[in-house]
Amino acid sequence: MVNLCPVMSNPGWPLAKTVSQRTSRRESGAVQRKSRVSDRLGAWRSHHRLVASQSLQRLLTHPLASILTWMVIGIALALPASLFIALDNLQQLTGGWDSAARISVYLHDSVSESAGRRLGEKLLEKPEISDFSYISKAEALAEFSTLSGFGSVIDELPDNPLPAVVLLQPALGLGSAEALEVLVREVQQLPEVELAQMDVQWVQRLYRLMELGKRVTLALAALLGLGVLLVTGNTIRLAIESRREEIEVVKLVGGTDAYVRRPFIYTGVWYGFGGGIVAWFLLLGLVAWLDGAVAGLVGLYDSQFELHGLGVAGSALLLLAGVLLGLGGSWLAVSRHLGAIQPQ
Amino acid sequence: MIQFDNVSKRYSSGHEALNRLSFQVRRDEMVFLTGHSGAGKSTLLKLIMLMERPSAGQVLVNGQNLKKLGRRQIPYHRRRVGVVFQNHQLLFDRTVFDNVALPLLIAGYHPRDVGRRVRAALDKVGLLKREKQSPINLSGGEQQRVGIARAVVNKPLVLLADEPTGNLDPELSAEIMLLFKQFNQVGVTVLIATHDLALVARMPNRMMALRDGQLVPGHEQSGVALG
């Protein structure tokens, strides 16, 4: 992965062309000026601008090599980013199931309706519970016979086999899954209760799986980020190697380390930024491609779910990640290799 | 302006390039440094440029003890010393103008000053009309003059030249020497390393001869006293 781009594009110290164009107009009547502090600051800023634009121009004069590097970085960024998007969508999808998370408390037959309602009131005092409803044996039977289609069979039964139920609504949805489990065990101990259970344990399991997915994605992102760092570092190392002569001359006429470093740092930043843009388009394509399939699937479930991409904040984060990794990679290469080049 | 006190330079290979060398070049002076190749001329210039550090002794430039300059201060020291090489060290991927402008851009001159100074330097070496060309299209003598323009564009206190006429015919060499003389006349201290004794003989300036890393005694041409 590291040595993908042997063809090098060169960064460069600013050429004075733009400078000479700018100055030629004011040439006449030029007054001898010492370079004052404000002047130097201005020159420093304009030098940064110049280096930034010229290192980009240099990349664009070797489009093939640059595009290769951008693709490598882009793919490495797009992979973890697409997993993040997938997780994000899954989270959005399951977010709607929170209201389905309920605790069913089945009561002993001996517990009267008023005692059952009192139990509900008592449990409502707990902060984890936001609401409760009491379903009597008769209501349960009526509901069961209409929903199950066994109405006539049930009518034959000598007595009602269904227990009365207290349905508890958790205050925080599934976000507080662990606290709820404790609560369920607590309720189970109550004398009136025959059985207490969470209705949506599979949703909980899904949450756990997503937690695992998040970790895998993070690990992958870290690994691929390291890859981007090394790719940029190696590309910059080759750039340094190919500009050895120029570096020597610049150092000979008084170029500071920062000055020599600057074009390479900017080149790394451009690599990272370009890689981020490639990744962004890859993700855009991926989401567009999956959207149709997802819409069809979602239609079968009669859901309002819509696949969504990175969004503005996510896009900014992706580009920032690219830029920072490019910066880091070039810094790595520069600090390792530039010092060794001295005029002979 | 340039002062060597008992300077020795021994390379890690064991070769002793300079051996307890002491001399002084006064402000506004123009001095030739001669000797066979390997006599230590290049090493001497490299010590002044801080491309090498002496093994012993000390080098002073404009009263500044170079030993006291750290790695980070080397660039600022080099901005005060112009240097011309036999092989020009020009960058062929940019124009003559850009080559000469390099030291000014590095030193952080304001863009409005850069164009004026570069053109003044090119005018002085007679290449003002060539500013937009690439150095690769110039003759050897012209390339050397671009190198000189680059060395003086920053108005250095000291101008060093290492075999500046090495590849040039006598007529061009004389032209180059005339240029150095003109810079010397406006106050630049000039030190020229060359093995072209015939050329040196025609110049009235002081000459120092190096042999085996030491000055050859009694080889002073112009009678300017040492130290």
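Just above sits the structure.
None of the values given here were measured: they were computed from a predicted structure.

1. Some points on the overall build of chain B
On a plain count of helices and strands, chain B comes out with 7 helices and 10 strands. Out of the 227 residues in chain B, the part that is buried amounts to 58%. In chain B, of all internal contacts separated by at least 6 residues, the share reaching a separation of at least 24 is 68%. Taken as a whole, chain B presents about 9600 Å² of accessible surface, with 48% of it coming from carbon and sulfur.

2. As for the packing of helix H10 (residues 257-300) of chain A against helix H11 (residues 311-337) of chain A
Residue and element names in this part refer to chain A. Closest axis-to-axis distance for the H10/H11 pair is 7 Å, and the angle between their directions is 145 degrees. Considering the relative orientation of H10 and H11, their crossing is right-handed. Counting all contacts with H10, which are made through Arg261, Phe264, Ile265, Gly268, Val269, Gly272, Phe273, Gly276, Ile277, Ala279, Trp280 and Leu283, the residues of H11 involved are Ser315, Leu318, Leu319, Gly322, Val323, Gly326, Leu327, Ser330, Trp331 and Val334. For the contact of H10 with H11, a count of residues per class yields 14 nonpolar, 7 polar and 1 charged.

3. Concerning the nonpolar core
Of all hydrophobic cores here, the largest spans 82 residues; its most connected members are Val118, Leu159 and Phe180 of chain B. At 10 residues, H10 of chain A tops the list of elements feeding residues into this core. Ranked by size, the runner-up nonpolar core spans 33 residues in total, among them Ile2, Phe4, Leu45 and Leu160 of chain B.

4. Concerning the pairing of strand E1 (residues 2-10) of chain B
Residues and elements named next belong to chain B. Here E1 runs beside strand E4 (residues 56-61); their pairing, made up of 5 bridges, is antiparallel. Directly across from isoleucine 2, in E4, lies its bridge partner valine 61. For E1 and strand E2 (residues 16-25), the ladder comprises 6 bridges, and the chain directions are antiparallel. For valine 7, the partnering residue across the bridge sits in E2 and is leucine 21. Connecting E1 to the antiparallel partner E2 that follows it, the hairpin turn spans 5 residues, and glycine 14 within it adopts a positive phi of roughly 100 degrees.

5. Remarks on the packing of helix H2 (residues 37-61) of chain A against H10 of chain A
All names here are of chain A. Two numbers describe how H2 lies on H10: the axes approach to 9 Å, and their chain directions differ by 50 degrees. By the angle class used here, H2 and H10 are oblique. In this structure, the crossing between H2 and H10 has a hand that is right-handed. Across from Trp44, His47, His48, Val51, Ala52, Ser55, Leu56 and Leu59 in H2, the residues of H10 making contact are Tyr259, Arg262, Pro263, Tyr266, Thr267, Trp270 and Tyr271.

6. Some points on the environment of serine 55 of chain B
Residue and element names in this part refer to chain B. Among the structural elements, serine 55 can be located in the loop between helix H1 (41-48) and E4. Distance in space between the C-alpha atoms of serine 55 and lysine 9 is 4.8 Å, their sequence separation being 46 residues. Look past the residues within four positions of serine 55 in its chain and what remains in contact with it is Ser8, Lys9 and Arg10. For serine 55, the side chain forms a polar contact with the main-chain nitrogen of arginine 10, separated by 2.7 Å.

7. Examining the sheet that holds strand E3 (residues 30-34) of chain B
Strand pairing in a sheet is mediated by backbone hydrogen bonds. Such pairs are either parallel or antiparallel. Residue and element names in this part refer to chain B. The strand order across the open sheet built from 6 strands is E6-E7-E8-E3-E9-E10, with neighbouring strands paired in mixed fashion. Each edge of the open sheet carries a strand with a single partner, namely strand E6 (81-85) and strand E10 (214-215). As paired elements, strand E9 (residues 206-211) and E10 share 2 bridges and run antiparallel to each other. Note on E10: the bridge partner recorded for leucine 210 is leucine 215.

8. Brief notes about H11 of chain A
Its 27 residues give H11 of chain A an end-to-end C-alpha distance of 39 Å, which sits within 8% of 39 Å, the value for a rise of 1.5 Å per residue. All of the buried residues along H11 of chain A are Gly314, Ser315, Leu318, Gly322, Val323, Leu325, Gly326, Gly329, Ser330, Ala333 and Val334 of chain A.

9. A short note on the sheet that holds E1 of chain B
All names here are of chain B. Spatial ordering of the open sheet is given by E2-E1-E4-E5, a layout of 4 strands whose pairing is antiparallel. The open sheet has two edge strands with one neighbour each: E2 and strand E5 (64-65). Pairing of E4 with E5 involves 2 bridges; the strand directions are antiparallel. Bridging from a neighbouring strand, leucine 60 pairs with asparagine 65 of E5.

10. Considering the environment of glutamate 181 of chain A
Residues and elements named next belong to chain A. Relative to the elements of secondary structure, glutamate 181 occurs in helix H7 (residues 177-188). Of the residues examined, glutamate 181 reaches a relative accessible area of 30% and is grouped as partly exposed. Sequence spacing of glutamate 181 and glutamine 197 is 16 residues, and the spatial spacing of their C-alpha atoms is 8.8 Å. If we skip the residues at most four places from it in the chain, glutamate 181 touches Gln204 and Arg208.

Conventions used here
Residues numbered from 1 in each chain as written. Chains lettered and ligands numbered in written order. Predicted model: local features only at pLDDT ≥ 70, side-chain atom pairs only at ≥ 80, totals over all residues. Heavy atoms only, no water. Helix = DSSP H or I, 4+ residues; strand = E, 2+ residues; numbered from the N terminus. Buried < 20%, exposed > 50% of the residue type's maximum accessible area, 1.4 Å probe, protein only. Contact = heavy atoms within 4.5 Å. Areas by Shrake-Rupley, 256 points an atom, 1.4 Å probe, with all protein chains shown as cover. Axes fitted to C-alpha atoms, helices over the stretch in contact; angles between N-to-C directions. Left-handed = near helix turned anticlockwise from the far one by under 90°. Nonpolar A, V, L, I, M, F, W, Y, C, P; charged D, E, K, R; others polar. Core = buried A, V, L, I, M, F, W, Y, C linked by side-chain atoms within 4.5 Å. Pairing = 2+ DSSP bridges. Parallel < 35°, antiparallel > 145°, perpendicular 65-115°, else oblique. Polar contact = N/O pair within 3.5 Å; in protein donor to acceptor, adjacent residues only side chain to side chain. Expected span 1.5 Å × (residues − 1).

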